[in-house]
Amino acid sequence: ATIAVLGTLDTKGEEHAFVAEQIRTQGLHALLIDVGTGAPATVAVDVPRETVAAAGNVDLAAVVAQGDRGAAVAAMSRAAPELLRQLYAAGRIQGVVSLGGGGGTAIATAAMRALPLGVPKLMVSTLASGNTAPYVGASDIVMMPAVVDIAGLNRISRSVLTQAAGAICGMVASRARHLATQTNDERPIIAASMFGNTTGCVQQAKAICESAGFEVLVFHATGMGGRTLESLVAAGWIAGVLDVTTTEWADELVGGVLSAGPNRLEAAARAGVPAVVAPGCLDMVNFGPPETVPLQFRAGRTFYAHNPQVTLMRTTPAECAELGRIIAEKLNASTGPVSVCLPLRGISVISAPGGVFHDPEADQALFGSLKRHLRREIPVIEIDAQINDAEFARACAERLLEMVGGSV
């Protein structure tokens, strides 16, 4: 097996060469790839920067002539993904590792995101202890803290980099064993969205779909979960979507911390993938600890402490009406079969009767707006139950199975 060791070898050549040597001592091959744009590489390279740039149709000489480091990083962030994609498609690499600060992390993780899920990807970064979402995206990149800056070899960096080499070697070896022994799973895949407050619904619906011969992938609707679900649908992995937890749209609209972005609910609509959609947990907007709630929300709103790190805020009737309009607009673009299921007695555990977020006016604003703005031919199935009741879960699962051609 060969592991790509990709980095800015003009400023961090010694460190990448050290990792490459550690990989070789474990019996694997290392392919040193230079994505630097400054001085010449300080170590011998296997793939020079000119080759990387050419893979992405980047005029490296013109980029360097600008003397703009930001433009250089952006250019290599476009070229490096193309190179890694080509190397992987040709069977020349089975994993990738990189080391970097801000620029190196941006280039390397852009390249890593071009590789399929399951291909080992390890980024040793000075940014790994902060917000890694922009670097990881919907991929399966492993971020490892560098502890000290990638600025030479010392007793701490040698330890960290030795462990990084061991980690990527172990990942590649484990994947090779898995691929050699796994049997092909031909079951079609259903993607489901879930939150803690819709777990009961998804677990029951999942069992029904699995008994009908489907594999069910569950995505936690925390922003990145929704993005990943959308990316897999767009990539053609998914036969049907059980999107009962559309809560990420509440965060996108109101300004919570778990938004999946403005394109949530679009992939299945564009691809014509059958989908059952429910307004699960649109009663809540997510913030961090209480002190992180924006000042404009601290008076006159209903809150619930989900845990010490998560504060939930109840959506208002006006916000719910707008959420209904937005979701209807997204579903109206569907080119394939889509149905809406409404749990009339509560869209989350805590919005059911007796719950702290129980607000019939807000729920009716949501349901009414959704029905009013939906295309007339999109079915709306109203169930006199709470979202986690067996009756509702069964209705969602059976409707999706009808649309994807499964048997109940």
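Residues numbered from 1 in each chain as written. Predicted model: local features only at pLDDT ≥ 70, side-chain atom pairs only at ≥ 80, totals over all residues. Heavy atoms only, no water.

## Digging into the packing of helix α12 (residues 317-332) against helix α13 (residues 360-373)
Logical step 1: Their axes nearest at 7 Å, the elements α12 and α13 cross at an angle of 25 degrees. Relative to α13, the element α12 is oriented roughly parallel. Regarding α12 and α13, the two cross each other, and that crossing is right-handed. Here α12 contributes Pro 317, Cys 320, Ala 321, Leu 323, Gly 324, Arg 325, Ile 327, Ala 328 and Asn 332 to the contact with α13, which in turn contributes Glu 361, Ala 362, Ala 365, Leu 366, Ser 369, Leu 370 and His 373. (Axes fitted to C-alpha atoms, helices over the stretch in contact; angles between N-to-C directions. Helix = DSSP H or I, 4+ residues; strand = E, 2+ residues; numbered from the N terminus. Parallel < 35°, antiparallel > 145°, perpendicular 65-115°, else oblique. Left-handed = near helix turned anticlockwise from the far one by under 90°. Contact = heavy atoms within 4.5 Å.)

## Quick word on the pairing of strand β12 (residues 310-314)
Logical step 1: Burial runs high along β12: 4 of the 5 residues are buried.
Logical step 2: As paired elements, strand β10 (residues 284-287) and β12 share 4 bridges and run antiparallel to each other. Opposite Phe 287, over in β12, you have Thr 311 as the bridge partner.
Logical step 3: Here 4 bridges tie strand β11 (residues 303-307) to β12, and the two strands are oriented antiparallel to one another. (Buried < 20%, exposed > 50% of the residue type's maximum accessible area, 1.4 Å probe, protein only. Pairing = 2+ DSSP bridges.)

## Here we look at the pairing of strand β13 (residues 338-343)
Logical step 1: The element β13 is extensively covered by neighbouring structure, given that 6 of its 6 residues are classed as buried.
Logical step 2: Here 3 bridges tie strand β9 (residues 275-277) to β13, and the two strands are oriented parallel to one another. The partner of Ala 275 across the bridge, within β13, is Val 338.
Logical step 3: In the classification by handedness, the crossover that spans β13, the intervening α13 and the parallel strand β14 (residues 380-383) is right-handed. (Right-handed = clockwise from strand over helix to strand, strands pointing away.)

## Overview of the packing of aromatic side chains
Logical step 1: A full pass over the atoms with the stated rule returns 1 aromatic pair.
Logical step 2: Here Phe 287 and Phe 297 contribute two aromatic rings whose centre-to-centre distance is 5.8 Å and whose plane-to-plane angle is 40 degrees, an arrangement assigned as tilted. Linking Phe 287 in strand β10 with Phe 297 in the loop between β10 and β11, this pair joins segments that are 10 residues apart in sequence.
Logical step 3: Classification of Phe 287 by relative accessible area gives buried; the value is 4%. (Phe/Tyr/Trp six-rings, centres within 6.5 Å; stacked < 30°, edge-to-face > 60°.)

## Notes on the sheet that holds strand β8 (residues 240-243)
Logical step 1: What the 6 strands build is an open sheet, ordered β7-β6-β8-β9-β13-β14; its pairing is parallel. Sheet topology places β7 (215-220) and β14 at the edges, where each strand pairs with a single neighbour. With strand direction ignored, the average angle separating the axes of adjacent strands in the sheet is 20 degrees.
Logical step 2: Across 3 bridges, the pairing between β8 and β9 is parallel. Its bridge partner being in β9, Asp 243 is matched across the sheet by Val 277.
Logical step 3: Relative to the sheet, helix α9 (residues 224-234) contacts β6 (189-194), β7 and β8, its axis offset from that of β7 by approximately 145 degrees.

## Notes on the sheet that holds β10
Logical step 1: What the 3 strands build is an open sheet, ordered β10-β12-β11; its pairing is antiparallel. The sheet is open, and its two borders are formed by β10 and β11, each paired with just one other strand. The sheet shows a mean angle of 30 degrees between the axes of neighbouring strands, direction not considered.

## Thoughts on the pattern of salt bridges
Logical step 1: Inspection of every chain in the model, using the stated rule, returns 18 salt bridges.
Logical step 2: The salt bridge partner of Arg 314 is Asp 363, with a shortest N-O separation of 3.0 Å. Linking Arg 314 in strand β12 with Asp 363 in helix α13, this pair joins segments that are 49 residues apart in sequence.
Logical step 3: With a relative accessible area of 5%, Arg 314 lands in the buried category.
Logical step 4: With its nearest N and O atoms 2.8 Å apart, the salt bridge here joins Glu 377 to Arg 375.
Logical step 5: Using a relative accessible area of 54% as the deciding quantity, one classes Glu 377 as exposed.
Logical step 6: Taken together, the shared-partner salt bridges in this structure form one network comprising Glu 230, Asp 243, Glu 248 and Arg 264. (Salt bridge = Lys/Arg side-chain N within 4 Å of Asp/Glu carboxyl O.)

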